[in-house]
Amino acid sequence: MIFGRKFHLQTDHAPLLRIFGSLKAIPVNTANRLQRWALTLLLYDFVIEHVPTHKFGHADVLSRLIDNHAKPEEDYVIACLILEEDIRVVERDSQSDPKLQKVYRYLQDGWPQKCTIADAELLRYHGCQESLSTVDGCILFGERLVIPEKHRGRCLRQLHQGHPGIKLKKAIARSVVYWLSLDDEIVAYVNSCKHCASVVKSPPHSPPVPWPKPTGPWKRVHIDYAGPIDRDYFLLAVDAYSKWTEIVQTRRITSAATISILRSLFARLGMPEVVVSDNPTNN
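Per chain, residues are indexed from 1 in the order of the written sequence. Totals for whole chains, interfaces and linings use all residues, but because this is a predicted model, local features are given only for residues with pLDDT of at least 70 and pairs of side-chain atoms are given and counted only at 80 or more. Think of the side-chain values as coming from all heavy atoms in the structure, minus any hydrogens and water.

A. A look at the overall build of the protein. Runs of E in the DSSP output that reach at least two residues are strands. Runs of H or I that reach at least four are helices, and both are numbered from the N terminus. Along the backbone of the protein there are eleven helices and ten strands. Note on exposure labels: buried denotes an accessible area under 20% of the residue type's maximum, exposed denotes more than 50%, and partly exposed covers the range between, all computed with a 1.4 Å probe on protein chains only. Looking at the protein residue by residue over its 283 residues, the buried ones come to 30%. Method for areas: the Shrake-Rupley scheme with a 1.4 Å probe, in which residue coverage is limited to the protein chains shown. With an accessible surface of roughly 20,200 Å², the protein has 56% of that area assigned to carbon and sulfur atoms.

Given below as structure tokens:
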């Protein structure tokens, strides 16, 4: 009933707000249970909020009324993933990737002088060399695995499961994988997803541009009709400088009637330099 709908998730456990209510990624060394919960909750659109325990009886009563029930262990296996094969594939393809092969060799033998590196991508790796290391034939950026170009599309597809959006997808990716153009490729991937495009917010409208303030009274006059009210119309003429308003009642809103009313106004108040209207099509 809640899948695909935005809902409010209430809890009396305040630390959960920082764990699941933040767009920041959960650290890789977090307990496996929290990792599983975070991945499950990615499928839902919710806002988490804290409710004090003394005001949370309608939900807390469900646990207090149960006398005997089997409690599971704190951490137990619900799924088994064989990662060894994937790591070996990343190791093999890292050694065959022309750019990562050079980075790996530089990390083992030492980086050359910056001025001797002509490749722009290698220069970027040179700039973050202090964060790079090697483990079992793979390259790590901090605690994140550097992905060869061959497997980046697969990583993007896996990160996009559940359609988490650009910000959350970046946060998840920044905790586990790395390559130089990761952020840009995430943005492009999400923007090309038709499901994400169907629920994305409309872009902000352009801010309104105000009319320039005239230099004196009755320089620019704005006119428009209001009504009908009891079969009568009212021509409004507003001076843009002083906000002085003239209101004339009429039964007809034809061009001839409008010209007649404006002639009377201009005869009393003077001829304005500019008259602004919404370009009506009255005959």
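After that view of the structure, there is still more to cover.
B. The arrangement of the packing of helix α8 (residues 166–176) against helix α9 (residues 182–191) in detail. All axes are obtained by fitting lines to C-alpha atoms, using only the stretch in contact for helices, and the reported angles, taken between N-to-C directions, cover 0 to 180 degrees. Between α8 and α9, whose axes approach to 10 Å, the crossing angle comes to 140°. Our classification of the angle between α8 and α9 gives oblique. Along this stretch, α8 crosses α9, giving a crossing that reads as right-handed. Note on element contacts: α9 touches α8 through L182, D183, I186, V187, Y189, V190 and N191, opposite I166, K169, K170, A173 and R174. Grouping the constituent residues of the contact of α8 with α9 by class yields seven nonpolar, one polar and four charged. Put simply, angles under 35 degrees are roughly parallel, angles over 145 are roughly antiparallel, angles from 65 to 115 are roughly perpendicular, and the rest are oblique. Working rule for handedness: look at the near helix, and if it is turned counterclockwise from the far one by less than a right angle, call the crossing left-handed; if clockwise, right-handed. Any two residues whose heavy atoms approach within 4.5 Å at even a single point are treated as in contact. The nonpolar class holds Ala, Val, Leu, Ile, Met, Phe, Trp, Tyr, Cys and Pro. Asp, Glu, Lys and Arg form the charged class, and all remaining residues, Gly among them, are polar.

C. Representation of α9. Buried residues of α9: L182, I186 and V190, and no others. Burial along α9 is one-sided: seen end-on, the buried residues are contained in an arc of 65°. Away from its buried face by more than 90 degrees, α9 exposes D184 and N191. Think of the arc as the fan of directions from the helix axis to the C-beta atoms.

D. Just the nonpolar core, in detail. Throughout this description, the term nonpolar core refers to a set of buried Ala, Val, Leu, Ile, Met, Phe, Trp, Tyr and Cys residues connected via side-chain atoms within 4.5 Å. Counting 18 residues, the largest nonpolar core has L145, I147, A173, V177, W179, L182 and I186 as its most contacted members. Where this core is concerned, the elements lending two or more residues are β4 (138–141), α7 (152–159), α8 and α9. Not counting residues up to four positions away in its chain, the partners in contact with L145 are I87, V90, C138, I139, L140, V176, V177 and Y178. Grouped together as the second largest cluster of nonpolar side chains are 15 residues, W111, Y125, L132 and I139 included.

E. Focus on the sheet that holds strand β6 (residues 177–178). Read from one edge to the other, the open sheet built from four strands follows the order β3-β4-β5-β6, with strand pairing classed as mixed. This sheet does not close on itself; its edge strands, each paired only once, are β3 (132–135) and β6. Any two strands with at least two DSSP bridges between them are considered paired. Bridge analysis of β4 against strand β5 (residues 144–146) gives two bridges, and the strand direction is antiparallel. Paired with F141 across the bridge in β5 is R144. In the packing of helix α5 (residues 98–109) onto the sheet, the strands contacted are β3, β4 and β5, and the crossing angle to β3 comes to about 95°.

F. Layout of the environment of E149. On the secondary structure map, E149 appears in the loop between β5 and α7. Since its relative accessible area comes to 57%, E149 is described here as exposed. C-alpha of E149 to C-alpha of K99: the two residues are 50 residues apart in sequence and 9.3 Å apart in space.

G. Molecular detail of unusual backbone geometry. With phi around 70°, R231 is a residue other than glycine that occupies positive phi space. Residue position: R231 is located in the loop between β7 (220–229) and β8 (232–239). For K243, which is not glycine, the phi dihedral falls at a positive 65°. Note on placement: K243 falls in the loop between β8 and β9 (245–250).

H. Broad picture of the pattern of salt bridges. Basic side-chain nitrogens of Lys or Arg form a salt bridge, by our definition, when they fall within 4 Å of a carboxyl oxygen of Asp or Glu. Applying the stated rule across the entire model yields eight salt bridges. Residue R174 is joined to D183 by a salt bridge in which the shortest nitrogen-to-oxygen separation is 2.8 Å. Judged by its relative accessible area of 42%, R174 is partly exposed. On the basis of relative accessibility, which here comes to 28%, the residue D183 falls in the partly exposed class. Residues R268 and E246 are paired through a salt bridge, measuring 3.2 Å at the closest nitrogen-oxygen approach. Taken together, the positions of R268 in helix α11 (residues 255–269) and E246 in strand β9 put the pair 22 residues apart, joining distant regions of the chain. Connected via shared salt-bridge partners are R92, D93 and K150.

Purely geometric stuff here, so don't read any function into it on its own.
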